[in-house]
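Geometric and topological summary
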Amino acid sequence: MEKPNPKNEEATAAADRIKDSAQQIWLAGLGAFAKMQQEGSKAFEALVKDGAGVQKKTQRAAEETLAQAQARMAGLASEFGTKAAGGWGKLETIFEDRVARALDKLGTPSAEQMAALQARVEALEAQLRRTDTAGHAAPRPARKTAARKSSDAAAAKPLRRRATRGSSGT
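Residues numbered from 1 in each chain as written. Predicted model: local features only at pLDDT ≥ 70, side-chain atom pairs only at ≥ 80, totals over all residues. Heavy atoms only, no water.

Points about the overall build of the protein
Each helix and strand in the protein was counted, giving 3 helices and 0 strands. Each helix and strand of the protein, ordered N terminal to C terminal, gives the series α-α-α. Looking at the protein as a whole, 0% of its 170 residues are labelled buried. Approximately 16,100 Å² of the protein is accessible, and the part contributed by carbon and sulfur atoms is 60%. (Helix = DSSP H or I, 4+ residues; strand = E, 2+ residues; numbered from the N terminus. Buried < 20%, exposed > 50% of the residue type's maximum accessible area, 1.4 Å probe, protein only. Areas by Shrake-Rupley, 256 points an atom, 1.4 Å probe, with all protein chains shown as cover.)

Some thoughts on the confidence of the model for the protein
As a note on interpretation, predicted positions should not be read in detail where pLDDT is low. Averaged over every residue, the pLDDT of the protein is 78; the share at 70 or more is 75%. When the elements of the protein are averaged for pLDDT, helix H3 (residues 145-168) gives the smallest value, 49, and helix H2 (residues 111-133) the largest, 92. Here residues 160-170 scores under 50 on pLDDT; set against residues more than four positions off or in separate chains, the count is 0 contacts. (pLDDT = per-residue confidence, 0-100. Contact = heavy atoms within 4.5 Å.)

Regarding a nonpolar patch on the surface
A cluster of nonpolar side chains, namely Phe95, Val99, Leu103 and Leu106, defines an oily patch on the protein surface of about 410 Å² accessible area. For Leu103, the location among the structural elements is in helix H1 (residues 6-106). For Leu103, a relative accessible area of 38% corresponds to the partly exposed category. (Patch = residues over 30% accessible without salt bridge, like charges linked within 9 Å, V, L, I, M, F, W, Y side chains within 5 Å. Salt bridge = Lys/Arg side-chain N within 4 Å of Asp/Glu carboxyl O.)

And the structure:
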């Protein structure tokens, strides 16, 4: 008689346990499949609902990120505009200074000199008006009627010539 081998018994027991475990896993899979067939549409609708919720959360997060990026870009654009305006202001000042120097070299009067000259002309005109009203008669402009008489006389002369021609020719 052979003695029972404890190692063989352990191996057989382990194989039986593995078989039982695999059988249980197989049965659990079949049960899950059967349950999914029965409740498939409900599970699908639940998954769609969960997916819509996740999509809304993701969309909100993306919109917030976009709003933050837009605000940052607006700030950068404003900062850039301010810097550019400052640069243009400096460039404009340099240009005005150079033009003023060039006009001065050419002998062109400045705006202040022109304003002073204008004020002097206005003061002289006012003085002339005061002198005219004080009794010194200013020369009056020529009348237009004198011009009409000379044009009427010029028009009448050719008529006289025609009349004289006709009478001397007969």
